[in-house]
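Listed here are the chains, written in short residue letters.
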Amino acid sequence: MLFLLSCLLQNYYQNKLRLALIGQSLFGQEVYTNLRKQGHRVVGVFTVPDRDGKADPLAVVAEKDGTPVFKFPRWRVKGKPITEVVEAYKAVGAELNVMPFCSQFIPMNVIDHPAHGSIIYHPSILPLHRGASAINWTLINGDKKAGFSIFWADDGLDTGPILLQRECPVEPNDTVDSLYNRFLFPEGIKAMVESVQLIADGKAPRVPQTEEGASYEGIQKKSNSKVNLAQPAEAIHNWIRGHDKVPGAWAVIDGRTVTLYGSSMLGESVPAGQPLEIEGASQPGVVTKNGLVLYGSDSKALMVKNLQFEDGKMIPAAKYFYSGDTARVELTDDERKIAEEIRGIWKGILSNVAAIEETTDFFKSGAASMDVVRLVEEIKQRCVGLQLQNEDVYMATTFQDFIQTFVRRLRGEDQEEEMVIDYATKDVNNMTVKMPWQCFINGKFEDAENGKTANTINPADGSVICKVAYASVGDVDRAVAAAKEAFEVGPWGRMNPRDRGTLLYKLADLMEEHQEELATIESIDSGAVYTLALKTHVGMSIQTFRYFAGWCDKIQGKTIPINQARPNRNLTFTKKEPLGVCAIIIPWNYPLMMLAWKSAACLAAGNTLVLKPAQVRTHTPAYITTDSVVDFIPAGGMVGQRLSDHPDIRKLGFTGSTPIGKQIMKSCALSNLKKVSLELGGKSPLIIFSDCDMDKAVRMGMSSVFFNKGENCIAAGRLFVEESIHDEYIRRVLEEIKKMKVGDPLDRSTDHGPQNHKAHMDKLVEYCEVGVKEGATLVYGGKQVDRPGFFMEPTLFTDVEDHMFIAKEESFGPIMVVSKFKDGDIDGVLNRANDTEFGLASGVFTRDINKAMYVSEKLDAGTVFVNTYNKTDVASPFGGFKQSGFGKDLGEDALNEYLRTKAVTVEY
């Protein structure tokens with residue numbers, strides 16, 4: 001055994017090198033960590049000195065590991081190497097210098113000293129963009145490809161032979177940050193580690209760089225980063241994004257230097273807004289509710305999200321005319337008279353102020369929240385019909401700014417545009433239902449970026465309901481950007497929690513007002529029986545929003561006693577904070593209810609949200625999506641993957657299959673370690689003992705399997721019936737199955753509607769065929785109903801043995817799978833019930849309370865039903881164990897999925 005272990009260790013450590021890491025930053029830290037994991041020995045780390053008492057990330061992790069760390073401020077003086085520094089470097093005995101990110105000039109006698117020389121990471125496809133601003137120039141020049149090079153260092157500037165290169169496409173609205181986070185950072189780390197191993201194995205190439213196509217661009221300065229607006233829109237866009245965030249591209253507006261951030265290209269349609277003259281532009285810009293529109297010389301348009309003035313103040317570009325730093329609105333004589341009346345109202349409130357000047361600040365003069373209400377109500381009493389809000393006072397705190405806001409309100413210049421919705425309509429169920437079918441991004445419905453659509457199918461007859469947008473990765477990026485802006489600078493992020501709750505209550509009220517329409521859409525879209533859709537799909541959704549609306553102003557931290565550092569005293573408290581932009585991916589079986597379960601908790605916690613419905617079922621989620629803090633992305637190719645990978649999403653909630661859940665979890669970890677909650681597959685056991693209430697066990701057993709056509713995540717995937725009552729139980733269940741009416745889900749007398757879509761129904765038929773082939777007894781059903789649509793016969797299997805496919809795998813359909821167990825064998829049946837990788841739900845029927853409590857304790861599932869089934873409630877946490885996932889929907893526990901805890905310690 002020791003010999004084998006010795007051989008394994010020798011094999012592991014062969015072809016490993018002694019490395020000196022010269023560099024800094026998180027990138028350097030990750031390269032260092034991963035090289036050590038691969039068995040290489042880092043004999044020295046050479047990084048920059050501490051700044052303001054804080055060590056560089058590379059130094060922090062190296063010092064923690066006990067690796068020698070050197071923090072030389074420089075390696076050369078007047079172009080000559082510092083002898084002491086070079087000698088300290090040579091003493092570590094490195095065989096290779098690895099330079100993942102280095103801002104210092106390293107002497108050639110250090111570069112060439114190791115046996116294998118030195119390798120450097122550079123974020124461009126050399127020989128293109130040599131120099132220190134390679135990523136910026138990749139965007140400024142409008143390159144269609146970005147990438148990085150790992151090369152052998154020589155005495156030139158980024159001119160050494162190439163060891164390895166990787167490339168990726170540049171997306172139309174990529175920024176320096178998005179390129180770095182999506183590709184250059186994660187793939188660069190992997191490539192550095194791969195390069196070192198190639199060198200260790202003697203397989204590293206040295207490909208001389210060609211000078212053909214070579215370019216060198218220096219670091220941009222603020223003085224030469226002014227935007228040339230007399231060029232095509234794409235060139236302007238590239239210039240702005242290439243300078244974002246440093247040094248910042250700028251233009252002259254109203255005679256002042258204004259820096260432009262957050263550029264993106266616009267499509268054909270440009271939203272309405274207020275014109276703005278910009279020096280050097282081919283035509284005036286337009287300040288819209290989404291930002292500042294700029295036009296290129298080709299008349300194409302781009303959007304700028306944020307503006308920064310020379311004093312450092314940054315505002316959303318949409319708020320330019322409200323910033324107090326811009327050209328003022330000229331008042332008419334009548335408006336001046338009203339302004340003086342308002343000055344009198346201010347004076348009445350701010351009685352401690354001698355005179356109300358133009359620069360008098362409402363709050364700095366002592367006003368409080370009650371004074372805001374008084375000011376707004378007094379003005380509204382004077383100007384009947386004026387739409388003035390408390391928020392207007394907080395956004396314009398000086399008298400001159402407030403008058404500007406007031407006048408624009410009075411003129412109606414800044415009224416919200418009426419939302420334009422291109423509904424698909426359908427006359428059905430004695431009503432005309434209207435269904436949005438487009439993406440909903442940044443407060444408006446719009447086509448998918450690629451213009452693609454897909455048909456949604458009515459499972460009751462196979463007919464087309466309507467087309468829906470088929471979203472792309474570009475749509476995801478725009479939706480996430482909008483949600484991020486709404487969280488960081490929009491009113492949602494600053495909203496009082498109680499006001500947030502009021503909005504959620506209002507949403508629930510609106511859903512209740514339109515519940516028959518919602519239930520009708522849910523029925524034709526998913527096949528749910530109308531009465532069930534009305535009570536459960538829609539009814540529980542309304543309850544969920546109301547429940548979490550009540551939580552908005554009750555999210556609290558706590559105070560924590562800690563040891564005092566005498567003679568001082570300490571106070572430690574915690575705060576519960578929203579995470580930021582969240583994404584939820586919902587399944588096709590309960591389109592509306594799953595949206596409510598996840599989004600209500602997410603929004604109550606104060607987050608913004610990007611929603612992806614199932615590709616086959618989108619209509620009810622689209623119907624209730626009408627707020628800019630929720631973006632709706634109908635499923636298209638790679639939409640779910642992009643949500644998992646996106647660096648600006650901080651949490652992803654998913655309900656669906658276990659294999660997809662695993663892939664999502666992996667992607668979320670590799671991208672930015674985003675928080676995840678997963679509600680996945682199930683094979684929920686239901687144990688029926690001989691001392692049960694037979695009538696109830698039959699009724700609830702039927703419901704446990706056939707509820708919502710079996711398309712129910714907690715459906716009883718397998719029933720265990722005690723031997724002495726098995727035959728009687730099967731006889732009575734069979735009688736009930738034969739009474740079930742299969743048919744039109746809009747018919748109020750229907751018990752059992754169509755399966756959700758054809759592919760699923762085909763899988764159910766195949767599932768039954770496998771059961772028969774393995775020897776289970778097909779008592780009833782097992783086939784598609786001979787009629788239009790995707791109807792499956794309610795099915796009953798008995799004599800199901802533990803090894804069979806149908807005993808182990810979830811059907812997600814109307815298929816009852818029954819096994820018997822010996823009388824009195826409680827532990828035996830528990831072992832069989834728990835012999836599954838799933839653990840979502842479970843159930844037991846018995847009149848013996850001791851037995852019920854014992855079994856509920858031993859069942860390995862997130863939910864246990866005793867003498868009932870499917871009894872979920874908005875206040876009770878819901879979620880699974882094992883490969884059924886983790887995290888909770890519903891109840892107070894669900895809020896914690898969308899919150900983070902911050903600890904604050906104060907010394908006083």
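Bear in mind the structure is a predicted one, so any value in this text is a computation, not a measurement.

Peer 1: Any details on the pattern of salt bridges? Residues and values, ideally.
Peer 2: According to the stated counting rule, one finds 43 salt bridges in the structure shown. Measuring nitrogen to oxygen at the nearest pair gives 3.3 Å for the salt bridge that ties Asp691 to Lys851. Separated by 160 residues along the polypeptide, Asp691 in the loop between strand E30 (684-688) and helix H22 (694-706) and Lys851 in helix H27 (residues 849-858) bring together distant segments of the chain. Because the salt bridges share partners, they merge into one network encompassing Glu446, Glu449, Asp475 and Arg478.

Peer 1: Give a description of the environment of Ala549 that names residues and reports values.
Peer 2: Relative to the helices and strands, Ala549 is located in helix H17 (residues 530-549). Residue Ala549 is classed as buried on the basis of its relative accessible area of 4%. Taking C-alpha positions, Ala549 is 51 Å from Gly66, a pair spaced 483 residues apart along the chain. Those residues within four positions of Ala549 in sequence are excluded, and the remaining contacts are Gly501, Leu504 and Tyr505.

Peer 1: A description of the side chain of Arg241 should follow, citing residues and the corresponding values.
Peer 2: Tracing the backbone through its elements, the reader meets Arg241 in helix H8 (residues 233-242). Lacking a salt bridge, the buried Arg241 has Asp174 as its closest oppositely charged neighbour, with an N-O distance of 5.5 Å. Among the polar contacts listed, one links the side chain of Arg241 to the backbone oxygen of Pro172, at a separation of 3.2 Å. A polar contact is formed between the side chain of Arg241 and the side chain of Asn238, at a distance of 2.9 Å. Non-local contacts of Arg241, meaning those with residues more than four positions away in its chain, are made with Leu139, Val170, Glu171, Pro172, Asn173, Asp174 and Val176.

Peer 1: Explain the UniProt feature "binding site: (6R)-10-formyltetrahydrofolate" (unreviewed entry) in the chain to me, using residue names and the numbers behind them.
Peer 2: In this numbering, the UniProt entry assigns the feature "binding site: (6R)-10-formyltetrahydrofolate" (unreviewed entry) to Gln104, Phe105, Ile106 and Asp158. Spatially, the listed residues are clustered: although they cover 55 residues, their C-alpha atoms lie within 13.7 Å of one another. Relative to the elements of secondary structure, Gln104 occurs in the loop between strand E6 (96-99) and helix H5 (108-111). For Gln104, a relative accessible area of 16% corresponds to the buried category. The residues contacting Gln104, other than those within four sequence positions of it, are Thr47, Val48, Phe72, Pro73, Arg74 and Trp75.

Peer 1: So, the environment of Tyr216: which residues are in play, and what are the values?
Peer 2: With respect to the secondary-structure elements, Tyr216 resides in the loop between helix H7 (176-200) and H8. Sequence separation between Tyr216 and Val779 is 563 residues; the distance between their C-alpha atoms is 78 Å. With near-sequence residues (within four places) excluded, Tyr216 lies in contact with Arg130, Gly131 and Leu157.

Peer 1: Describe the confidence of the model for the chain, and please don't skip the residues or the numbers.
Peer 2: A low pLDDT means the predicted coordinates there should not be read in detail. In this model, the chain carries an average pLDDT of 89, and 93% of its residues clear a pLDDT of 70 or more. Below pLDDT 50 for its whole length, residues 1-13 participates in four contacts with residues either more than four positions away or in separate chains.

Peer 1: Before we move on, can you summarise the packing of H17 against helix H18 (residues 591-604) with the specific residues and values?
Peer 2: At their nearest, the axes of H17 and H18 sit 8 Å apart, and the two run at 5° to each other. Comparing the axis directions of H17 and H18 gives the class roughly parallel. Each of Thr536, His537, Val538, Met540, Ser541, Thr544, Phe545 and Phe548 in H17 lies in contact with H18, whose residues at this interface are Leu592, Met593, Leu595, Ala596, Trp597, Ser599, Ala600, Ala601 and Ala604. Among the residues forming the contact of H17 with H18, the class breakdown is twelve nonpolar, five polar and no charged.

Peer 1: Which residues make up a nonpolar patch on the surface, and what values go with them?
Peer 2: The grouping of Leu571, Val906 and Tyr908 at the surface amounts to a nonpolar patch, some 280 Å² of accessible area in total. Of note, Leu571 is situated in strand E24 (residues 570-578).

Peer 1: Tell me about unusual backbone geometry, residues and numbers included.
Peer 2: Residue Pro127 is bonded to the preceding Leu126 through a cis peptide linkage, with omega at 15°. Note that Pro127 resides in the loop between strand E7 (118-122) and helix H6 (134-140). We note that Leu673 has phi near 55°; this positive angle belongs to a residue other than glycine. Relative to the helices and strands, Leu673 is located in the loop between helix H21 (658-672) and strand E29 (675-679). Even without glycine at this site, Asn870 takes up a positive phi of about 60°. Assignment of secondary structure puts Asn870 in the loop between strand E37 (863-866) and strand E38 (881-882). A relative accessible area of 15% means that Asn870 is categorised as buried.

Peer 1: So what's going on with the pairing of E29? Which residues, and what values?
Peer 2: Extensive coverage of E29 is indicated by the burial of four of its five residues. Where strand E28 (residues 649-655) and E29 come together, five bridges link them in parallel fashion. Residue Phe654 lies in a different strand from E29, and its bridge partner there is Leu678. Sheet analysis places E29 next to strand E39 (residues 885-886), joined by two bridges and oriented antiparallel.

Peer 1: How would you sum up empty space enclosed by the protein? Please name residues and give values.
Peer 2: For the structure shown, the criterion picks out four cavities of 30 Å³ or more. Taken as a whole, the largest cavity holds about 100 Å³ of empty space. Around the largest cavity, the lining is made up of 14 residues, and of these Ala715, Gly717, Glu810, Ser811 and Phe812 lie nearest the centre. In terms of residue class, the lining of the largest cavity is built from six nonpolar, six polar and two charged.

Peer 1: If you had to explain the sheet that holds strand E8 (residues 145-152) to someone new, which residues and values would you point to?
Peer 2: Ordered in space as E3-E2-E1-E6-E7-E8-E9, the seven strands form an open sheet in which the pairing is mixed. Edge positions in the sheet fall to strand E3 (69-70) and strand E9 (162-169), since each has one partner strand and no second. Where strand E2 (residues 41-46) lies against E3, two bridges are found, and the strand directions are parallel. The partner of Phe46 across the bridge, within E3, is Phe70. Each of strand E1 (18-22), E6, E7, E8 and E9 is contacted by H7, which is oriented at about 155° to E9, the strand it contacts most.

Thresholds, definitions, all that
Residues numbered from 1 in each chain as written. Predicted model: local features only at pLDDT ≥ 70, side-chain atom pairs only at ≥ 80, totals over all residues. Heavy atoms only, no water. Salt bridge = Lys/Arg side-chain N within 4 Å of Asp/Glu carboxyl O. Helix = DSSP H or I, 4+ residues; strand = E, 2+ residues; numbered from the N terminus. Buried < 20%, exposed > 50% of the residue type's maximum accessible area, 1.4 Å probe, protein only. Contact = heavy atoms within 4.5 Å. Lys, Arg positive; Asp, Glu negative; His and termini not counted. Polar contact = N/O pair within 3.5 Å; in protein donor to acceptor, adjacent residues only side chain to side chain. UniProt positions renumbered as here; feature names shortened; annotations may be inferred. pLDDT = per-residue confidence, 0-100. Axes fitted to C-alpha atoms, helices over the stretch in contact; angles between N-to-C directions. Parallel < 35°, antiparallel > 145°, perpendicular 65-115°, else oblique. Nonpolar A, V, L, I, M, F, W, Y, C, P; charged D, E, K, R; others polar. Patch = residues over 30% accessible without salt bridge, like charges linked within 9 Å, V, L, I, M, F, W, Y side chains within 5 Å. Areas by Shrake-Rupley, 256 points an atom, 1.4 Å probe, with all protein chains shown as cover. Pairing = 2+ DSSP bridges. 1 Å grid on protein atoms, 1.4 Å probe; cavity = no way out; pocket = protein on both sides within 12 Å on 5 of 7 lines; lining within 4 Å. Points joined across faces, edges and corners; volume = space filled by probe spheres on them.

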